[in-house]
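# What the coordinates show
Spelled out, the chains give:
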Amino acid sequence: MTGISALPIGVFDSGVGGLTVLRALRAALPSEDFLYLGDTARLPYGTKSAATVARYAMQAAEALAARGIKCLVVACNTASSVAIPALAVRLAPIPVIGVIEPGAAAAAQATRSGRIAVIATEGTVRGGAYPRSLAALAPHAVVTQKACPLFVALAEEGWTDGPIVEAVVRRYLEPVFSGDAAPDTLLLGCTHFPALVAPIRRIVGQGVTIVDSAETTAAATAAQLARLGLQRAAGIGAVRMMATDGPERFARVGSVFSGEPIAASEVELVDL
Ligand code: DGL
């Protein structure tokens, strides 16, 4: 194994939501080490301007690169939608992978009617990265976007089901999924939304295919590492977690997203 292959994969998100992407990455690449950074001090990114998010993303990427990584996965949809080109230039030759194209590819592959709904943060919707990516992959697709900012707050609070959550989900999604020309595919374009998949499923109905970018991003990362000859072939990888604020909160809420317990003592507090 070369020196570069032995380095960890850097994963960055505005907070704990990206742990859903980390989980998929670990399943796809069990021999790799991961360095995860959640910018919890500045979450949410989804309500901030593109310029601010791009600046935060650059600082997070530089902090990970300074520790030595062989690849950067931007697990945050909002950051991916505004910052990938600049990050790729800044980190070159370290490859940078975002979640927008893999998520769009999953939706393009899933749709039969060509009608796709994308739900995301305000920033991701405003930037239009998903419709652009879908236009390239599925030129005839009809894409409807809907910002669902309250979903982030609900998931952060650990409210992933129940009457209040269902009322909020209904308020956002019922208008999108009513009528004869309703989408047949729903793309969860935000790290936090997979946590609400049960109430989302009840509101949109069984006939809608729900996709997110976690698994396709993991597959894209594995393919990129294989192409560059940077994959680790053996051993069991380890994960190190870093947060810019509140290791205790990161551990508590992050355990829900990662599907396994995280101890606050394992979360390093860092300053960007
Ligand atoms: N990580 C963000 C995203 O995927 C959601 C949380 C936030 O707004 O920072 O868009």
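Residues numbered from 1 in each chain as written. Predicted model: local features only at pLDDT ≥ 70, side-chain atom pairs only at ≥ 80, totals over all residues. Heavy atoms only, no water.

### Regarding unusual backbone geometry
- Here the amide bond leading from Leu43 into Pro44 is cis, since omega sits at 0°, within 30 degrees of zero.
- With respect to the secondary-structure elements, Pro44 resides in the loop between strand 2 (34-38) and helix 2 (50-67).
- Of the consecutive residues Ala92 and Pro93, the connecting peptide bond is found in the cis state with omega at 10°.
- Summarising the element assignment, Pro93 is placed in the loop between helix 3 (77-91) and strand 4 (96-98). (Helix = DSSP H or I, 4+ residues; strand = E, 2+ residues; numbered from the N terminus.)

### What to know about the sheet that holds strand 6 (residues 142-147)
- The strand order across the open sheet formed by 4 strands is 6-5-7-8, and the pairing between neighbours is parallel. Looking along the sheet, the strands with just one partner apiece sit at the ends: strand 6 and strand 8 (209-212). The mean inter-strand angle of the sheet, taken between neighbouring strand axes irrespective of direction, is 25°.
- Pairing between strand 5 (residues 115-120) and strand 7 (residues 185-188): 4 bridges, direction parallel. Of the residues in strand 7, the one forming a bridge with Ile116 is Thr185. (Pairing = 2+ DSSP bridges. Axes fitted to C-alpha atoms, helices over the stretch in contact; angles between N-to-C directions.)

### Some details on the pattern of salt bridges
- Under the defined criterion, the tally for this structure stands at 13 salt bridges.
- For Arg249, the salt bridge is made with Glu156, and the minimal N-O distance between the two is 2.9 Å. In this pair, Arg249 sits in helix 11 (residues 247-258) while Glu156 sits in helix 7 (residues 149-156), placing the two residues 93 residues apart along the sequence.
- Note that Glu166 is salt-bridged to Arg202, the shortest N-O span being 2.9 Å. With Glu166 in helix 8 (residues 163-173) and Arg202 in helix 9 (residues 197-204), this residue pair connects regions lying 36 residues apart in the sequence. (Salt bridge = Lys/Arg side-chain N within 4 Å of Asp/Glu carboxyl O.)

### Quick notes on the nonpolar core
- The biggest cluster of nonpolar side chains holds 44 residues, and the ones touching the most others in it are Ile9, Val11, Leu19, Leu25, Met241 and Phe250.
- Discounting chain neighbours no more than four positions away, the residues touching Met241 are Leu19, Leu22, Tyr36, Phe250, Ile262, Glu266, Val267 and Glu268. (Core = buried A, V, L, I, M, F, W, Y, C linked by side-chain atoms within 4.5 Å. Buried < 20%, exposed > 50% of the residue type's maximum accessible area, 1.4 Å probe, protein only. Contact = heavy atoms within 4.5 Å.)

### Some thoughts on helix 8
- Listed in full, the buried residues belonging to helix 8 are Val165, Val168, Val169, Tyr172 and Leu173. Taken end-on, helix 8 shows its buried residues confined to a sector of 110°, consistent with a single buried face. Relative to its buried face, helix 8 has exposed residues pointing more than 90 degrees away, namely Pro163 and Arg171.
- Next to the buried residues of helix 8 lie strand 5, strand 6, helix 7, strand 7 and helix 9. (Arc of directions from axis to C-beta.)

### So, the environment of Pro139
- Within the secondary structure, Pro139 sits in the loop between helix 6 (129-137) and strand 6.
- Considering only alpha carbons, one finds Pro139 and Arg23, 116 residues apart in sequence, at a separation of 31 Å.

### Focus: the packing of aromatic side chains
- Counted by the stated rule, this structure contains 5 aromatic pairs.
- When the centroid spacing of 6.2 Å and the interplanar angle of 55° are considered together, the rings of Phe12 and Tyr45 count as tilted. Taken together, the residues span a long stretch of sequence, with Phe12 in strand 1 (residues 9-13) and Tyr45 in the loop between strand 2 and helix 2 at a distance of 33 residues. This pair shows no difference in class: Phe12 is buried, exactly as Tyr45 is.
- Aromatic side chains Phe151 and Phe193 sit 5.1 Å apart centroid to centroid with 75° between the ring planes, which places their arrangement in the edge-to-face category. Taken together, the positions of Phe151 in helix 7 and Phe193 in the loop between strand 7 and helix 9 put the pair 42 residues apart, joining distant regions of the chain.
- With a relative accessible area of 0%, Phe193 lands in the buried category.
- The lysine or arginine in question, Arg42, covers the ring of Tyr56, its NZ or CZ lying 3.8 Å from the ring centre. (Phe/Tyr/Trp six-rings, centres within 6.5 Å; stacked < 30°, edge-to-face > 60°. Lys NZ or Arg CZ within 6 Å of the ring centre and 35° of its normal.)

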